[in-house]
Amino acid sequence: MNPRVILAVALIPLGLIIAAVPANKTKQFRLTAPELLQETATGSQFMQPDAVADMLVKNDPSLQLIDVRTPEEFAAFSLPRAINIPLANILSDEYTDILNQDAKTNVFYSNGTVQASEAWMLTRQLGYTNNYVLEGGLNYWFANILGAKEPSSVNPSEEFAKYDFRKSASAALGGGSVVASDNNTAPAAATKPPVANKAKKKVTGGC
Amino acid sequence: MGPLVANGIISENTNLLLAFFIGIGFGFVLESSGFSSSRKLAGVFYGYDMVVLKVFFTAAITAMLGLLFMSLFGWVDLDQVYVNPLFLRSAIVGGVVMGAGFIMGGFCPGTGICGASIGKIDAILFSVGLFVGVYFFAFTYSWWEKLYKATPLGGKKVSDALGMSDGLFALVLILVAMGMFYAAEWAEKKFPREEY
């Protein structure tokens, strides 16, 4: 038989099948529940507030703070150079390029750590790396970074070093006089919220 | 599961190693099927030998069906497969330039390297010309930049542009390919050349 006919007999039925079945739209979770539990147990998703403050003071370009609270809360107060991705929209295609990349360190923050941890869990389960949670959230940030209290004289010298760092970081980040917040609301400050950077990073590869 | 590299199942280096072996296999098959002869590629233009067209179309529809079925079975996530961004105008200009080069030289970059490796002088010259062209383009890039980057359309697929599903487009392409194979064999009979 002519090879062309053999090819047609083999390929046309396959083509008919693939044209008839609906496309597979299921998204795979790339991390199983036990793997996720393991990561949560080690606490490796947390980024220490002092480390974040240090990167902020040094204008580290690899740091990308992501506010997962609502746009209203974001407009009222946000950390310097943070962008707003409300938790409800975290799976939107618009943000995939920001959340799924390996160039920048994304740090999620919310008032406490609940929403930020939820954002981390969702993105981690999709297999994204480089996303972290600001330990303690904004509440801890206000109480301990911006409103650093001088330790009593019986403390070890590391505590004083930490205090000195926090005091200077707080001055550089426009804190100092801010008072610690209660559990659910972050205090308003005069920081102007920057606009989210929508510039998309081009995927590279191909032949 | 797939793509293997994007999901960290194999590393970039393993990927390159696999590419090395696949490349050797590809070159071997190209040579043993006679693609290292310049008449094979020029024959497509003159109509006496349509093997190149048949081989590459068969490869395309086989790979297409493979990807679609693997996606159907959940083995590969098509959203993660890289789609080359489309620049319509430069693609047309580039296609004409490359096509003219293929007819005149009788090789495409792959078969040119293949012919050069078995010592064909025309293929060696073709490969030298290829590098001259590459360097010429690189050093005069600023002259072409505007044309090169004209009409960027992103990673667009024909099925999206036509508003049909990937599967339906696959069927249409298979039927088109079968029609082309038929036309190719008609052309081979119509414009015969002596054996070489």
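Now for a look at the structure at hand.

Brief notes about the overall build of chain B
And then number 1: Check the secondary structure of chain B and you find 9 helices and 2 strands.
And then number 2: Residues counted as buried form 26% of the 196 residues belonging to chain B.
And then number 3: Counting only contacts in chain B whose residues sit at least 6 apart along the sequence, the fraction spanning at least 24 positions is 66%.

Describing the interface of chain A and chain B
And then number 1: If you look at the interface, chain A gives 22 residues, while chain B gives 25 residues.
And then number 2: Taken over both partners, the interface formed by chain A and chain B buries close to 2,000 Å², and the fraction arising from carbon and sulfur atoms is 67%.
And then number 3: The interface formed by chain A and chain B contains 0 residue pairs in polar contact (both at pLDDT 80 or more).
And then number 4: For the side of chain A that touches chain B, the per-class residue count stands at 12 nonpolar, 7 polar and 3 charged.

Structural notes on the pairing of strand β4 (residues 105-109) of chain A
Residue and element names in this part refer to chain A.
And then number 1: With respect to burial, β4 is a largely interior element, 5 of its 5 residues being buried.
And then number 2: Judged from the 5 bridges that link them, strand β2 (residues 63-67) and β4 form a sheet pairing that is parallel. Residue pairing for β4: Ile-66 is matched across the bridge by Phe-108.
And then number 3: Bridging between β4 and strand β5 (residues 131-134) involves 3 bridges; their strand directions are parallel.

The rules behind these values
- Residues numbered from 1 in each chain as written.
- Chains lettered and ligands numbered in written order.
- Predicted model: local features only at pLDDT ≥ 70, side-chain atom pairs only at ≥ 80, totals over all residues.
- Heavy atoms only, no water.
- Helix = DSSP H or I, 4+ residues; strand = E, 2+ residues; numbered from the N terminus.
- Buried < 20%, exposed > 50% of the residue type's maximum accessible area, 1.4 Å probe, protein only.
- Contact = heavy atoms within 4.5 Å.
- Buried area = accessible area lost by both parts, 1.4 Å probe.
- Polar contact = N/O pair within 3.5 Å; in protein donor to acceptor, adjacent residues only side chain to side chain.
- Nonpolar A, V, L, I, M, F, W, Y, C, P; charged D, E, K, R; others polar.
- Pairing = 2+ DSSP bridges.

Fair warning: the whole summary comes from geometry, so function is off the table for now.
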